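# Per-entry structural report
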Amino acid sequence: MSEPHVTLEPRDPVQEKLRGPLEEQLTSALQVAADRVRDSYAGEPVEHVCQRLLDETRVGLHPDIAAGFEPDMDEFCRIAVAIVRGETT
């Protein structure tokens, strides 16, 4: 599994200006979450791992950012599948 990364698609100039720092923060939170979930994985189904991944990512974010974070759940589930399969980075 490659390192998880968040890529944003800005819709206006303000979002474009904030894109880099926000992508870095989201990516960092996702990578920490993936490590935590991988380290504590105990045979749960993919759906549960995917939800844990999302929850752990949100915990690592400022509450305002976490509230507005709407990730591509297909990507989160792809990471969850890799964790379940025991794939490493």
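Look up: the structure comes first, before these words.
Figured I'd write up the structure that's included with this text. (Residues numbered from 1 in each chain as written. Predicted model: local features only at pLDDT ≥ 70, side-chain atom pairs only at ≥ 80, totals over all residues. Heavy atoms only, no water.)

### Overview of helix 1 (residues 13–40)
Taking 1.5 Å of rise per residue, 28 residues should cover 40 Å, and helix 1 covers 40 Å from first to last C-alpha, within 8% of that figure. Of all the bends in helix 1, the greatest reaches close to 55° and is centred on R19; the proline P21 follows between one and four positions later. Within the sequence span of helix 1, burial applies to E23, L26, T27, A29, L30, A33, A34 and V37. On its buried side, helix 1 packs onto helix 2 (46–59), helix 3 (63–68) and helix 4 (73–85). Among the residues of helix 1, the N-terminal cap falls to D12, whose side-chain oxygen and the backbone nitrogen of V14 are separated by 3.0 Å. (Helix = DSSP H or I, 4+ residues; strand = E, 2+ residues; numbered from the N terminus. Expected span 1.5 Å × (residues − 1). Bend = angle between axes of the 7 residues up to and from the residue. Buried < 20%, exposed > 50% of the residue type's maximum accessible area, 1.4 Å probe, protein only. Contact = heavy atoms within 4.5 Å. Polar contact = N/O pair within 3.5 Å; in protein donor to acceptor, adjacent residues only side chain to side chain.)

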